[in-house]
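# Breakdown of the fold
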Amino acid sequence: MRVFVIVLLLTVGFSPKSDAQRIRYKNLFPILQSKDYKTAAPQLLQFLEENDDEANAYFYLGEIIVSQLDSAEIFPSTEKFDSMANRAIEAYKKSMALVDDREIRKNDDYYAAYNRRDLRTGKFAIKISDIHLDYENKIKEVVKKKELVNELHELKNRSIQEYESFALLVEDFHSRFTNESAYLLRAGPADIAASQKLVSNYLKFIEVYEDFTTKLKSLKHPSYDPQLQTIQIVNWNGLKLLKSNFSDFSVNIQNYEEYLNRLNAKIESEVKPLKDLLYKTDAEFNQAISQNLSISDSSKIQKMTIPENLVEQLKKYDEDNVILNLLKYKKQKSRTNLLTNVSLHPVLADSSNIYQRANLVEEYELNLTEQLDLIEKIDLGISDKTKNDFKYFLEGFKPSIEAFIETEKTIVKQKLDSVSQRTEMMARQIEFFRYEQDSIFLTPLIAATHEHKNYVLNTIELDSMLLVGGQMGNQPFIASAGFNMEVKSFTSLLDSSYTINNMIMLSNNLLVNLEGTEKSQQNRYLKYFSPNLEELWSLEYEQEASLGNAKVEAGIFFIYDQDGNVLQTLNSQGEIIGN
């Protein structure tokens with residue numbers, strides 16, 4: 001008996017006071033019954049050290065130990081808790097073994113709580129079976145709590161194992177890609193599967209740790225307040241696992257499920273459609289380039305349009321616009337090629353049509369320049385990141401994207417070198433129109449270069465001829481000319497104090513606006529000519545605004561200024577309506 005009590009003293013942590021007086025249990029019982037265990041415990045242990053046959057004393061010893069279990073140390077080992085639980089069970093069992101009819105008759109006041117009416121006889125009585133059942137239930141509660149503590153240790157170990165296993169998956173997965181965009185664009189089936197496995201392990205850890213925290217909280221232990229906080233991931237670097245210390249059971253972990261599911265959903269909703277549309281558009285462009293090379297009818301030109309939603313998506317995922325510029329390059333390449341098609345541009349074979357041929361060759365050179373600018377921009381912009389992000393697309397450029405770029409640059413440069421000399425020669429051929437013994441230069445700048453006062457200010461290109469307006473010496477004029485740069489008809493306008501401001505084709509006729517050369521001249525003129533340059537009507541008006549545009553509806557002329565405001569409204573004779 002003495003050994004048992006000493007072990008209890010060590011387990012519970014009490015030390016009885018040495019007292020010369022013998023402790024009487026009947027005096028101690030009221031203190032125990034009031035559950036003032038702090039006061040009663042030392043005396044109870046001293047009593048049990050001297051007495052081993054007091055059933056109720058062992059019962060309260062069990063109660064005292066159980067009251068200490070709620071604050072007993074659980075981690076890092078169950079040794080102390082298990083020891084205390086076992087002592088409580090032993091105390092209850094010792095009490096049960098001593099509770100018999102004699103004990104109840106002798107100490108019925110200790111068991112007054114079990115005094116109940118017998119349903120069969122109707123009399124009040126204390127039954128041993130009721131007491132034993134209550135003690136057995138208390139033992140079951142202790143056993144249950146002991147099992148829970150052992151389960152908590154298992155859950156803790158499982159949580160740590162799941163966390164460590166999950167941490168390895170996170171490290172591997174995060175190292176596969178440099179950023180979110182790279183994952184979205186490069187992820188293959190194996191990568192998607194890895195993300196799903198990561199989410200699965202994440203949820204498994206969450207499930208185990210939540211079970212652990214719920215069961216630990218059920219003990220209401222003052223030393224343990226387990227917490228699990230999930231943190232939103234906002235970018236790829238947020239995948240790096242946060243450090244967690246399981247010693248205080250307060251764990252912070254990112255919400256991998258929400259983030260990775262969102263990325264995978266974006267792959268399905270955005271990236272896969274982007275890839276499909278990119279493939280489709282590129283295939284259509286390749287077909288158009290090939291088809292447009294040999295067409296003989298402009299109506300059969302295959303249009304090349306980059307879908308607006310493809311443009312928007314590429315801007316999201318291709319910061320350097322390399323892929324978009326590749327599509328633009330192919331589009332520009334086809335546009336340039338069309339300018340060399342003789343079937344579409346017969347003027348290329350008409351040596352007498354100097355004007356249109358020279359302009360077409362110049363346009364061809366400008367398009368080649370734009371084409372070269374694009375391919376060089378692609379060459380400068382393409383990076384290893386772009387090559388990896390769009391590997392699925394760039395692999396279509398044979399033998400490689402680098403070889404494609406270099407070949408295209410070489411070809412375009414050769415074409416530019418070839419056409420530049422031709423453009424320069426043809427530009428000289430259209431520097432001036434020939435009129436009788438005079439030359440009328442194509443622009444004021446060319447005229448100034450030749451120290452000449454005859455030049456064109458406005459040119460309108462019709463199907464069969466050119467209409468031009470400018471200055472002959474100091475006098476304004478209009479004229480018609482052939483594409484061979486020969487003037488066919490010539491008409492002088494007003495005097496040297498006026499110059500042509502604008503010319504507009506209107507109902508196959510020519511509307512000319514003239515303004516004074518001096519700021520003091522407020523009067524302006526509108527003159528309307530037939531195709532053979534016969535004057536149909538003339539209007540002098542006093543306004544500062546010049547002709548911007550015009551239209552004819554039901555014989556009424558609506559004249560607009562440069563800002564789109566109505567300048568004049570005229571009848572078919574050129575007379576102002578409303579005045």
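This text goes with the structure placed above it.
It should be emphasised that the depicted structure is a prediction, and the values quoted were computed from it without experimental measurement.

This brings us to helix α3 (residues 37-50). The end-to-end C-alpha distance of α3, which contains 14 residues, comes to 19 Å, matching closely the 20 Å that a straight helix rising 1.5 Å per residue would cover. Looking only at α3, the buried set comprises Tyr37, Ala40, Ala41, Pro42, Leu44, Leu45, Gln46, Phe47 and Leu48.

In this section: the packing of helix α9 (residues 189-218) against helix α10 (residues 256-292). Put simply, α9 and α10 touch, their axes get as near as 9 Å, and they point 155° apart. Between α9 and α10, the interaxial angle falls into the category roughly antiparallel. α9 and α10 meet at a crossing whose hand is left-handed. Residue-level inspection shows Ile192, Ser195, Leu198, Val199, Tyr202 and Leu203 of α9 in contact with α10, the latter providing Tyr256, Glu257, Leu260, Asn261, Asn264 and Ile267. Class assignment for the residues of the contact of α9 with α10 results in eight nonpolar, three polar and one charged.

A separate point is the packing of aromatic side chains. Taken as a whole and assessed by the stated rule, the structure comprises 41 aromatic pairs. Ring geometry for Phe59 and Tyr92: centres 6.0 Å apart, planes at 50°, overall tilted. With Phe59 in helix α4 (residues 55-69) and Tyr92 in helix α5 (residues 79-98), the pair connects residues that are 33 residues apart, well separated along the chain. The burial state of Phe59 is the same as that of Tyr92; both residues are buried. Geometrically, the ring pair formed by Phe177 and Trp236 is edge-to-face, given 6.0 Å between the ring centres and 85° between the ring planes. With Phe177 in the loop between α7 (128-176) and α8 (180-186) and Trp236 in the loop between β3 (227-231) and β4 (250-254), this pair connects stretches of sequence that are 59 residues apart. Neither residue differs from the other here; Phe177 and Trp236 are each classed as buried. Members of the aromatic cluster, each reached through a chain of ring pairs, are Tyr25, Phe29, Phe47, Phe59, Tyr60, Tyr92, Tyr110, Tyr111 and Tyr135. Here Lys275 stacks its cationic end above the ring of Tyr392, 4.5 Å away from the centre of that ring. One residue, Lys551, lies across the ring of Phe558, its end atom 5.8 Å from the ring centre.

This part covers the sheet that holds strand β12 (residues 509-516). Hydrogen bonds between backbone atoms are what pair the strands of a sheet, whose relative direction is either parallel or antiparallel. Pairing is antiparallel across the open sheet formed by four strands, whose spatial order is β11-β12-β13-β14. At either margin of the open sheet sits one strand with a lone partner, and together these are β11 (498-506) and β14 (535-542). Pairs of neighbouring strands in the sheet enclose a mean axial angle of 20°, with direction left out of account. Taken together, the six bridges between β12 and strand β13 (residues 523-529) define a ladder with antiparallel strand orientation.

Spatially, three strands are ordered β15-β16-β17 in an open sheet, and the strand pairing comes out antiparallel. A single partner strand is all that each edge strand has here, and the edge strands are β15 (547-553) and β17 (566-570). Geometrically, the sheet is characterised by an average inter-axis angle of 15° between neighbouring strands, direction not taken into account. Strand direction decides the pairing type here: strand β16 (residues 556-561) and β17, joined by four bridges, are antiparallel. Following the sheet pairing, Phe557 is matched in β17 by Leu570.

A word on the nonpolar core. Tyr25, Leu44, Tyr183, Leu326 and Phe433 are the most contacted members of the largest nonpolar core, which totals 142 residues. When neighbours within four sequence positions are excluded, Leu44 is seen to be in contact with Tyr25, Leu28, Leu32, Ala57, Tyr60, Leu61 and Ile64.

Looking along a regular strand, one sees the side chains alternate between the two faces of the sheet. The pairing of β15 with β16 spans six bridges and is classified as antiparallel. The residue bridging Lys551 from the neighbouring strand is Phe558, located in β16. Counted between consecutive antiparallel strands, the loop separating β15 from β16 contains two residues, among which Ala554 sits at a positive phi close to 55°. Hairpin connection between β16 and β17: a loop of four residues separates the two successive antiparallel strands, and Gly564 in this loop has a positive phi of roughly 85°.

Parameters and conventions
- Residues numbered from 1 in each chain as written.
- Predicted model: local features only at pLDDT ≥ 70, side-chain atom pairs only at ≥ 80, totals over all residues.
- Heavy atoms only, no water.
- Helix = DSSP H or I, 4+ residues; strand = E, 2+ residues; numbered from the N terminus.
- Expected span 1.5 Å × (residues − 1).
- Buried < 20%, exposed > 50% of the residue type's maximum accessible area, 1.4 Å probe, protein only.
- Axes fitted to C-alpha atoms, helices over the stretch in contact; angles between N-to-C directions.
- Parallel < 35°, antiparallel > 145°, perpendicular 65-115°, else oblique.
- Left-handed = near helix turned anticlockwise from the far one by under 90°.
- Contact = heavy atoms within 4.5 Å.
- Nonpolar A, V, L, I, M, F, W, Y, C, P; charged D, E, K, R; others polar.
- Phe/Tyr/Trp six-rings, centres within 6.5 Å; stacked < 30°, edge-to-face > 60°.
- Lys NZ or Arg CZ within 6 Å of the ring centre and 35° of its normal.
- Pairing = 2+ DSSP bridges.
- Core = buried A, V, L, I, M, F, W, Y, C linked by side-chain atoms within 4.5 Å.

So yeah, pure geometry; function would need other evidence.
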